[in-house]
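What follows is the residue order along each chain.
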Amino acid sequence: MQAIFFVPLGLGVLLVIALLAAYVYALRRPSGEAVVYAATDFSSPAGFNVVSLPQDEILTRGQNLLWDSRLAELEFFAEPGWRLLLRICAAKGDLNLEDWNSNYDQRSVGYVGRIRVTFLESPGGSAMALWTKNGFDYALYFETYEMGLPAGLVDDFIQETDTVAA
């Protein structure tokens, strides 16, 4: 009689643990839905506003997305058609870099002014630069690129991108 009681109880506990694990995992990753914004002011939902971005003549702007009311993703195109993505969140937040997981062949660390930059690269593949500035974490991702493009633009993004808390 007791075994009949403990089997459903054990299954119930396992179900609760599985649901809790799925919930925690869902909180870590951006949801499948992003909200498109006309501007880079994410003050109301996310508590920050991107007040300046690079003004390089080879860059054009794409969409501004906000994931889970905390992670901004800004799309850029560099002539002649290279796509770049800039993610921004509060420092020590989650930039969800597993979306851009790649086997990078090269890793280097350098400085732009006083800002420490980690640069990951796979020649002929993708590249990514990571830095923290004024309380915000940034990741600039190049899906593919031509030689010299990341090096020429990373400094501009680091120096000219400013985000403020709302």
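The numbering scheme is per chain: residues are counted from 1 as the chain's sequence reads. A pLDDT threshold of at least 70 governs which residues receive local features in this predicted model, and a stricter bar of 80 or more applies before side-chain atom pairs are shown or counted, although totals over entire chains, interfaces and linings include all residues. To obtain the side-chain values, all non-hydrogen atoms of the structure were used and water was disregarded.

A. Region of interest: the pattern of salt bridges. Any Lys or Arg side-chain nitrogen found within 4 Å of a carboxyl oxygen on Asp or Glu counts as a salt bridge. According to the stated counting rule, one finds five salt bridges in the structure shown. Put simply, Arg-83 and Glu-75 hold a salt bridge, and the shortest N to O gap is 2.7 Å. Classification of Arg-83 by relative accessible area gives partly exposed; the value is 27%. Of the charged contacts in the structure, one is a salt bridge between Glu-143 and Arg-83, with a shortest N-O distance of 2.7 Å. Of the two residues, Glu-143 is situated in the loop between β10 (136-142) and α3 (149-160) and Arg-83 in strand β6 (residues 82-90); the sequence distance between them amounts to 60 residues. Summary of the burial criterion: residues with accessible area below 20% of their type's maximum are buried, those above 50% are exposed, and those between are partly exposed, where the area comes from a 1.4 Å probe applied to protein chains only. Under the scheme used here, helices are H or I runs from DSSP no shorter than 4 residues and strands are E runs no shorter than 2 residues, and both carry numbers assigned from the N terminus.

B. Here's a closer look at the environment of Ser-122. With respect to the element layout, Ser-122 can be found in the loop between β8 (115-121) and β9 (127-133). Overall, Ser-122 belongs to the buried group, its relative accessible area being 6%. The spacing of Ser-122 and Asn-103 is 19 residues in sequence and 7.3 Å in space, taken between C-alpha atoms. There is a polar contact of 3.3 Å between the side chain of Ser-122 and the backbone nitrogen of Asp-105. Here a polar contact is taken to be a pair of N or O atoms separated by no more than 3.5 Å, where protein atoms must pair a possible hydrogen donor with a possible acceptor and residues adjacent in sequence count only if both atoms sit in side chains.

C. Here's a closer look at the sheet that holds strand β11 (residues 162-165). We call two strands paired when DSSP finds no fewer than two bridges between them. Taken in spatial order, the three strands make up an open sheet running β2-β3-β11, and their pairing is antiparallel. Looking at which strands have only one partner, the edges of the open sheet turn out to be β2 (41-42) and β11. Bridge count for β2 against strand β3 (residues 48-52) is two bridges, and the pairing is antiparallel. Residue pairing for β3: Asp-41 is matched across the bridge by Asn-49.

D. Expanded view of the pairing of β3. In the sheet, β3 pairs with β11 via four bridges, with the strands oriented antiparallel. The partner of Asn-49 across the bridge, within β11, is Val-164.

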